[in-house]
Amino acid sequence: EDRMSDKARRIVAAAIRKYGLLVLTACTGLALSYAAFQAVAGRSERVAALELAGRANDHRLVVQSGLTIHLNKLTGLRALYKASDDVTRGEFQKFGDEILSGQDALLSVNFIARVPHAERDAHERAIRGEAGFADYRIKLPVSGGDTIPAPARSEYFPIVYASAAQPGSPLYGLNLGDGGVRQATLERARDADELTTSLQMPIRTGEAGRRGFFAILPVYRSGQPHETVEDRRKNLIGFVQAMFRTGALIDTILSENVSPSGLDMYFFDERPGEGATPIHVYFSRKRTAPVEPLSVQALKAGPHSSGQIDSGDRSWTMI
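Note that this is a predicted model, so its numbers are computed, not measured.

On a plain count of helices and strands, the chain comes out with 8 helices and 14 strands. Buried residues in the chain amount to 39% of all 319 residues. Of the roughly 18000 Å² of accessible surface on the chain, 55% is carried by carbon and sulfur atoms.

With respect to the secondary-structure elements, His59 resides in helix 1 (residues 2–71). Here His59 falls in the buried class, since its relative accessible area comes to 8%. Beyond its immediate chain neighbours, meaning those up to four positions away, His59 contacts Leu254, Val258, Ser259, Ser261, Leu263, Met265 and Met318.

Once that is clear, we can look at the sheet that holds strand 14 (residues 314–318). Think of a sheet as strands paired side by side through backbone hydrogen bonds, with each pair either parallel or antiparallel. With respect to topology, 4 strands assemble into an open sheet ordered 12-11-14-13, the strand pairing being antiparallel. The outermost strands of the open sheet, each flanked by one partner alone, are strand 12 (280–282) and strand 13 (307–311). Each adjacent strand pair in this sheet contributes to an overall mean axis angle of 25°, direction not counted. Across 3 bridges, strand 11 (residues 265–269) lies against strand 12 in antiparallel orientation.

What follows deals with the environment of Val115. With respect to the helices and strands, Val115 occurs in strand 2 (residues 115–116). Take Val115: its relative accessible area is 2%, and that puts it in the buried class. Separated by 122 residues in the primary sequence, Val115 and Ile237 place their C-alpha atoms 8.2 Å from one another. Val115 has contacts with Arg120, His123, Ile138, Glu155, Tyr156 and Pro158, leaving out every residue within four places of it along the chain.

A separate point is the packing of aromatic side chains. Any two aromatic rings considered together are summarised by their centre-to-centre distance and by the angle between their planes. Tallying each qualifying case throughout the model produces 8 aromatic pairs. Relative to Tyr172, the ring of Phe133 has its centre 4.9 Å away and its plane inclined at 75°; by these criteria the two rings are edge-to-face. Residue Phe133 is located in the loop between helix 4 (120–128) and strand 3 (139–141), and its partner Tyr172 is located in the loop between strand 6 (159–162) and helix 5 (181–192); the two are separated by 39 residues in the primary sequence. Since its relative accessible area comes to 5%, Phe133 is described here as buried. Taking relative accessible area as the criterion, Tyr172 reaches 4% and is therefore assigned buried. Centroid distance Tyr266 to Phe283: 6.4 Å. Interplanar angle 85°. Geometry classified as edge-to-face. One end of the pair, Tyr266, is in strand 11; the other, Phe283, is in the loop between strand 12 and helix 8 (296–301), with 17 residues separating them in the sequence. Residue classification places Tyr266 among the buried positions, given a relative accessible area of 3%. With relative accessibility at 27%, the residue Phe283 sits in the partly exposed group. Each residue in the set Tyr81, Phe92, Phe111 and Tyr161 is aromatic and connected to the rest through ring pairs, giving one cluster.

Packed helices, taken two at a time, are described by the angle their axes make and the gap between the axes. One way to put it is that helix 2 (residues 73–83) packs onto helix 3 (residues 89–100) with a least axis distance of 11 Å and a crossing angle of 165°. Looking at the two axes, helix 2 sits roughly antiparallel to helix 3. The two elements helix 2 and helix 3 cross, and the hand of that crossing is right-handed. Of the residues in helix 3, those in contact with Lys73, Gly76, Leu77, Leu80 and Tyr81 of helix 2 are Glu91, Phe92, Phe95 and Ile99. Within the contact of helix 2 with helix 3, the residues separate by chemical class into 6 nonpolar, 1 polar and 2 charged.

With that out of the way, let us pick up the nonpolar core. One finds Tyr81, Phe111 and Phe267 to be the most contacted residues of the largest nonpolar core, which totals 68 residues. In contact with Phe111, not counting residues within four places along its chain, are Tyr81, Phe92, Pro158, Ile159, Val160, Tyr161, Val219, Ile237, Gly238, Phe239 and Val240.

Attention now goes to the pattern of salt bridges. If you walk through the whole model with that rule in mind, you get 12 salt bridges. The closest approach of N and O atoms between Asp191 and Arg233, which form a salt bridge, is 2.8 Å. With Asp191 in helix 5 and Arg233 in helix 6 (residues 229–235), the pair connects residues that are 42 residues apart, well separated along the chain. Residues participating in the shared-partner salt-bridge network are Arg190, Asp191 and Arg233.

This next bit is on unusual backbone geometry. Here Asp193, not a glycine, exhibits a phi torsion of approximately 55°, which is positive. If you trace the backbone, Asp193 turns up in the loop between helix 5 and strand 7 (196–197). Here Glu270, not a glycine, exhibits a phi torsion of approximately 60°, which is positive. Among the structural elements, Glu270 can be located in the loop between strand 11 and strand 12. The exposure class assigned to Glu270 is partly exposed, which follows from its relative accessible area of 31%.

Thresholds applied
- Residues numbered from 1 in each chain as written.
- Predicted model: local features only at pLDDT ≥ 70, side-chain atom pairs only at ≥ 80, totals over all residues.
- Heavy atoms only, no water.
- Helix = DSSP H or I, 4+ residues; strand = E, 2+ residues; numbered from the N terminus.
- Buried < 20%, exposed > 50% of the residue type's maximum accessible area, 1.4 Å probe, protein only.
- Areas by Shrake-Rupley, 256 points an atom, 1.4 Å probe, with all protein chains shown as cover.
- Contact = heavy atoms within 4.5 Å.
- Pairing = 2+ DSSP bridges.
- Axes fitted to C-alpha atoms, helices over the stretch in contact; angles between N-to-C directions.
- Phe/Tyr/Trp six-rings, centres within 6.5 Å; stacked < 30°, edge-to-face > 60°.
- Parallel < 35°, antiparallel > 145°, perpendicular 65-115°, else oblique.
- Left-handed = near helix turned anticlockwise from the far one by under 90°.
- Nonpolar A, V, L, I, M, F, W, Y, C, P; charged D, E, K, R; others polar.
- Core = buried A, V, L, I, M, F, W, Y, C linked by side-chain atoms within 4.5 Å.
- Salt bridge = Lys/Arg side-chain N within 4 Å of Asp/Glu carboxyl O.

The structure is reproduced here in C-alpha cells:
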C-alpha cells in the first residue's frame, strides 16, 4: 500500500509538472476573457447611458423652448396695458383672439382686476351695466360646479375680460383671491414683478378630467413706480393671465419639433417623490400598442435620464 501510495504520488506529481502549465494558462485565459467581457459590457452600458442622456436632453430642450415661447405670449398682452390703463373689452378681445389663433393648448387669455373691498359694489354695478353681463358678481366656485358670492375680503381679484368666453360665462367674476394656491400665485407675481405659474389643477370647462395650469404677469398703473414691493402692492391694477392644457401643450411641442425616438417621457410638477403622479406622459410614437404608465420607483430602477424644465418661477421634472 505504501508502494502504491508512493507510485500514485509520483504519477500525480508528474501530471502536475506536465499539465499544470496548461491548466494555469487556460485558467488565466478564462480570467482575462471574463475581464474583457465585463469591460466591454460595462463600456456598452456607459455608451447606452450617454446616448440616452443625450437624446433625453435634446427632447428636454425642445420642451423648454416651446414652453418659453408659449409663456412669453403674456408679455405682448401686458404691453397693451403699458400703453394705456383704460383697455376696453373690445380691444382686449381683439388682441386675445390674435394670441389664441391656431392654439390648441392655450385655452384663454384673461384680465384679472384688483378690486379693493370699498369699490366692490361700484365694480359689480359697472360690469352689470354692460350688455350680456346682467348677472355679473364677484364669486367663488363650490362643489357641483356652482358658485357663491365671494366672502368679504380686503381686496378681490375677479376675471373681468376673457378672450375665449362669451358674455354670461361663469368664468367672469371668478375671484382668484381665494386664499389658496391661486392667490399665492398672484401674490408671487405681484411682489416679484415676474411671470409666475400655478400648480396643476382641474380645468372646469370642456371635457371632464382635463388638467392644466395658468401663467400670470402683473400689471401696474402707468407712470407710477413699482421698483419696491411696497410700490408694487400700492400701484397694482391687475394681472394678465393665460390658461394652458398641460397635456396638449407638451404633445404639441414634441409632435411638431422632434422625430419619433423611442423615448417615453414622464413629466412631473416640481421634483417627484415615490408616490408622485405625472402631470403628463408622452409615450414613444414608435410604440405599436398602449402600455401602462410606470411608477416613479419603477422609472428610477431602470435605465433613465432626468432633467428640469423651467415654468415661470416654478419647475417641472422630465424623466
